[in-house]
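# Chains, contacts and geometry: an overview
Below, each chain spelled out in residue letters.
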Amino acid sequence: MIIGLLAWAVSGLFVFLLSYSLHRLLRTGRPSLEVISFSFLLIFTATLLILVAGLVGWLRPVPILLLSIAGIAGIFTIGSFRVGVPLIVGESRSLVRAAIRWWASLPSWLRMITVIAVLLSTARFLFLVWALPPFVWDSLSYHLTNIAHWIQAGRIETFDTPVDRIFNPANYEVFATWFAVFVHHDAVIEAAGIPPYVLAVVAVYAAARGIGRSRSASVLAALAYGSTPAVIIAATGTKNDIFLAAYYLTALALVIDLTFRPAERTAPASLGRLMLLALVLLMAAGTKTYILHLLPGLLLMPILWTRGRGGRLRISQLLVSGRQEFRLLARPGRILLIGVLVSGLFMGIFWNVRNWVVSGNPFYPYDVLVAGKTVFQGPESEFRLSTRELAANLQGFAAKFGDWQDPIRPDLPNTTGWGWFAYVIGLPSLGWAVLRRRRARPLVLGFALSFLLLMLSTGPSPWNMRFAIWFPAVFSLCFSELVDSLPASLPRISRKAFVAYLTLMLGVNFVATLNYNRVSAEEFRSMLALPVGERHSAVFRDNMPDPYTLALEVVPNDEVLGFNVTGNGFIYPLYRADLSQEIAYVRFAAFDNCEQVAAAMLASGTRYLLVAPEHTEDEKISVMRACAETGEVIRERARGVYVIRR
Amino acid sequence: MTKAEIYALAAVSLMLGFWYATPQLFFSLHPLYELARLLFPGMAASITGNG
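Residues numbered from 1 in each chain as written. Chains lettered and ligands numbered in written order. Predicted model: local features only at pLDDT ≥ 70, side-chain atom pairs only at ≥ 80, totals over all residues. Heavy atoms only, no water.

## Some words on the overall build of chain A
- In terms of regular secondary structure, chain A is built from 24 helices and 8 strands.
- Principal-axis analysis of the C-alpha atoms places the extent of chain A at approximately 85 × 60 × 55 Å.
- With 646 residues in all, chain A has 59% of them scored as buried.
- Partitioning the intrachain contacts of chain A with sequence separation of at least 6 by distance along the chain shows that 73% fall at a separation of at least 24.
- If you sum the accessible surface of chain A, you get close to 25500 Å²; carbon and sulfur atoms cover 64% of it. (Helix = DSSP H or I, 4+ residues; strand = E, 2+ residues; numbered from the N terminus. Buried < 20%, exposed > 50% of the residue type's maximum accessible area, 1.4 Å probe, protein only. Contact = heavy atoms within 4.5 Å. Areas by Shrake-Rupley, 256 points an atom, 1.4 Å probe, with all protein chains shown as cover.)

Right under this line is the structure:
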């Protein structure tokens, strides 16, 4: 454990220093963009470190420690990387002074709301990460299953499993591995979603500043977006939707800045912004492929904003300026930047190239159908580009609009999850901004196009609004336009009423997420009664069938635990919280007899087999029950847990 | 922004608030109820039967 903690600290230091070095090379020329640049680079470099370690088979604390030590030595000695401690201290002092000046420029009421919001959010995040294990469905079937296997194996690899979605692009899983590999435990794995949450919120601030909003209005926009229930819940939901939202909004902030502040002679920063935009989009592509569907919306905005005002000229100016900046760099700097870009490209395309090589389908396990014709074949049908899909999804969206069907919960069943601010204040703000602010129209149209293309391709389901948790930012940005347009002569009582109303909406948004609107007091108590290290998914009764809990009670930790589940079944809970349980997928058919099932179990290296309702085909559960009734070959050790007779 | 716009926006916002509150107000405040039940055991039974 001590070695693990040391490795964690040293790798954290390496990630910080590497991000800092890259951040200094990729200057953006605007303070709010500098913040999102550094925040993004922390995620980027941590993901790169774990990906490299995982692919070479060094996914263990000591090898990562050695890699990190070598990396730190490089940073303190090699050319363009080099950052000395005095430089870091000096720049940190300047940063703190600038932050204090920025903070002091905000009105006192806004500072108070911000402090309260940050403190409450932090308390909520820390409590839920500490108190509860992961429990969201997709996390337990494939997101965390990937992480658990990689940590057990010491490498990033594919493995035998019925859940084909382990082949999905997995940059989120790689990043989240950093939160578990050093202590070989999932105690804080939910915290992996907090950095992208912060990035998304700050990106909204930067985007608002980029379209010319005041600091106060931009802070309000960021607070409003940060209070969106779907976004807060996703932050600790152990899934990748918050990462996509963060990358989309970061790209938006950069696109806005490149549009309205194209190329400056005095402090050119085109290279930094262009490189960052490329890296953000590449990271997104390696996280979830549907960023491709959102891109046209992002591109539409600058086209509309610069229409008739030399849009093409600006793009060429940016590229020329960027190339000039690149040429002015010393050779080591140029090599470093090329290396960073190649790394980003690698992280963007690795998963799809791997899938293409392994299965012939870069989007495996998904079928890709365009206008009804199969372009790539896979076991799961999800990528369909068709107007029929669009119509069905828009109908589904209309049914979810207003969040009247269900509480806002992880996976957003039958809801949009946008919350009180978006519907009560955001919608009227958007309507007003579209009618009265010409600059807002391209923004709204861009968001709408991204949303429509998403609806064109995602399969209709009660849960597909989790792919659009970036969308409520458009309400926040329109709201910032409205705030800056409030007359200075507005009576004091009206201002106070406005602030109180806004605070109420943000407050109710936050309150709605306290327990994911799902976890009861009894469930909390059952977890809090256990030591932190024993709060694992299998004992969290929220949605866990009994066999999972029982399996880990009756199967010795040093034995292999076999399982048979469907393509959407839970696997992760079987690893235990300390990822110490070896598991094996046992293939058998519903028409197999008991001897054949036993042979399959032994072939998989196990005497034990778990089957569970809703996770295993009913016919296979019947086979196991029948075998246990005869009891000659296999007996039932506990409900849903079977063992071969000795 | 004119006074008329401000009044119109306020009116629309309030109407949307009443619309959204049914039934989201209950859903949104339920977590507070569970928090109270967590802090004060035996205070009241679970409403959702999830306890």
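## Some details on the overall build of chain B
- When you go through chain B residue by residue, the secondary structure sums to 1 helix and 0 strands.
- For chain B, the residues scored as buried account for 33% of the 51 residues in total.
- When the accessible area of chain B is evaluated, it comes to approximately 3100 Å², of which 77% is carbon and sulfur surface.

## As for the interface of chain A and chain B
- Contacts between the two partners involve 40 residues from chain A and, on the opposite side, 29 residues from chain B.
- With both sides pooled, the region where chain A packs onto chain B buries about 2800 Å², and carbon together with sulfur makes up 65% of that total.
- It is Trp420(A), Val511(A) and Arg525(A) that lose the most area in chain A upon contact with chain B, and together they represent 19% of the buried surface on that side.
- Counting the contacts that link chain A with chain B gives 2 salt bridges.
- Its salt-bridge partner being Arg37(B), residue Glu522(A) comes within 2.3 Å of it at the nearest N-O pair.
- The tally of links from chain A across to chain B stands at 14 residue pairs in polar contact (both at pLDDT 80 or more).
- For the side of chain A that touches chain B, the elements supplying multiple residues, two or more each, are α17 (419–436), α19 (473–485), α20 (492–511) and α21 (521–528) of chain A. (Buried area = accessible area lost by both parts, 1.4 Å probe. Salt bridge = Lys/Arg side-chain N within 4 Å of Asp/Glu carboxyl O. Polar contact = N/O pair within 3.5 Å; in protein donor to acceptor, adjacent residues only side chain to side chain.)

## Regarding the packing of aromatic side chains
Residue and element names in this part refer to chain A.
- By the definition in use, this model includes 52 aromatic pairs over all chains.
- Here the aromatic rings of Phe127 and Trp130 are separated by 6.2 Å at their centres, their planes lie at 50°, and the arrangement is tilted. With Phe127 and Trp130 both in helix α5 (residues 108–131), this residue pair falls 3 residues apart, about one helical turn.
- Taking the relative accessible area as the measure of exposure, Phe127 reaches 29% and is therefore partly exposed.
- When its relative accessible area of 44% is taken as the criterion, Trp130 is described as partly exposed.
- Aromatic side chains Tyr248 and Phe447 sit 5.7 Å apart centroid to centroid with 80° between the ring planes, which places their arrangement in the edge-to-face category. Here the residue Tyr248 occupies a position in helix α11 (residues 241–260), and Phe447 occupies one in helix α18 (residues 440–457), the gap between them amounting to 199 residues. (Phe/Tyr/Trp six-rings, centres within 6.5 Å; stacked < 30°, edge-to-face > 60°.)

## Overview of a nonpolar patch on the surface
All names here are of chain B.
- Taken together, the side chains of Leu25, Leu29, Leu32, Leu35, Leu39, Phe40 and Met43 define a hydrophobic patch exposed on the protein surface, amounting to about 630 Å² of accessible area.
- Note on placement: Leu32 falls in helix α1 (residues 3–39).
- Leu32 sits in the partly exposed class, given a relative accessible area of 38%. (Patch = residues over 30% accessible without salt bridge, like charges linked within 9 Å, V, L, I, M, F, W, Y side chains within 5 Å.)

## Things to note about the sheet that holds strand β4 (residues 561–563) of chain A
Residue and element names in this part refer to chain A.
- Reading across from one edge, β5-β4-β6-β8-β7 is the order of the 5 strands in this open sheet, with mixed pairing throughout. Two strands close off the open sheet at either side, each with one partner strand: β5 (583–585) and β7 (634–638). The average angle at which neighbouring strand axes cross in this sheet is 35°, direction not considered.
- Summarising the sheet, strand β6 (residues 608–610) and strand β8 (residues 641–644) pair through 3 bridges and their orientation is antiparallel. Within the sheet, the bridge partner assigned to Leu610 lies in β8 and is Val641.
- Contacts from helix α22 (residues 546–554) reach β4, β6, β7 and β8, with the element oriented near 40° to β8. (Pairing = 2+ DSSP bridges. Axes fitted to C-alpha atoms, helices over the stretch in contact; angles between N-to-C directions.)

## A short note on the confidence of the model for chain B
- Per-residue pLDDT for chain B averages 88, and the proportion of residues at 70 or more is 88%.
- Here the prediction assigns the complex a pTM of 0.95, and the interface score ipTM is 0.93. (pLDDT = per-residue confidence, 0-100.)

## So, the side chain of Thr306(A)
Residue and element names in this part refer to chain A.
- Checked against the element boundaries, Thr306 lands in the loop between α13 (291–305) and α14 (311–328).
- With a relative accessible area of 9%, Thr306 lands in the buried category.
- At 2.7 Å, the side chain of Thr306 and the backbone oxygen of Pro302 are in polar contact.

## Structural notes on the state of the cysteines
Residue and element names in this part refer to chain A.
- Evaluated as defined, the whole model comprises 1 disulfide over all chains.
- Disulfide partner of Cys594: Cys627, at an S-S distance of 2.2 Å. Between Cys594 and Cys627, the disulfide has an S-S torsion of -105° and is therefore left-handed. On the criterion of sequence distance, the pair formed by Cys594 in helix α23 (residues 594–603) and Cys627 in helix α24 (residues 618–630) is long-range, its members being 33 residues apart.
- A relative accessible area of 1% means that Cys627 is categorised as buried. (Disulfide = S-S within 2.5 Å.)

## Digging into the pairing of β7(A)
Residues and elements named next belong to chain A.
- Bridge count for β7 against β8 is 4 bridges, and the pairing is antiparallel. Opposite Ala638, over in β8, you have Val641 as the bridge partner.
- Where β7 hands over to β8, the hairpin turn is made up of 2 residues, of which Gly640 adopts a positive phi near 85°.

## Concerning the packing of helix α8 (residues 194–210) of chain A against α11(A)
Residue and element names in this part refer to chain A.
- Contact pair α8 / α11: the axes reach a minimum separation of 8 Å and the direction vectors enclose 20°. For the element pair α8 / α11, the angle class is roughly parallel. In the crossing of α8 with α11, the sense of the turn from one axis to the other is left-handed. Of α11, the residues touching α8 (which contributes Pro196, Tyr197, Leu199, Ala200, Ala203, Val204, Ala206, Ala207 and Gly210) are Ile242, Phe243, Ala246, Leu249, Thr250, Leu252, Ala253, Ile256 and Phe260.
- Looking at the contact of α8 with α11, its residues break down into 16 nonpolar, 2 polar and no charged. (Parallel < 35°, antiparallel > 145°, perpendicular 65-115°, else oblique. Left-handed = near helix turned anticlockwise from the far one by under 90°. Nonpolar A, V, L, I, M, F, W, Y, C, P; charged D, E, K, R; others polar.)

## A few points about a positive patch on the surface
Residues and elements named next belong to chain A.
- Judged by side-chain charge, Arg93, Arg97, Arg101 and Arg215 come together as a positively charged surface patch.
- Among the elements that take part in the positive patch, helix α4 (residues 85–104) stands out by supplying 3 residues, more than any other.
- Positionally, Arg93 belongs in helix α4.
- For Arg93, a relative accessible area of 54% corresponds to the exposed category. (Lys, Arg positive; Asp, Glu negative; His and termini not counted. Charge placed at Lys NZ, Arg CZ, Asp CG, Glu CD.)

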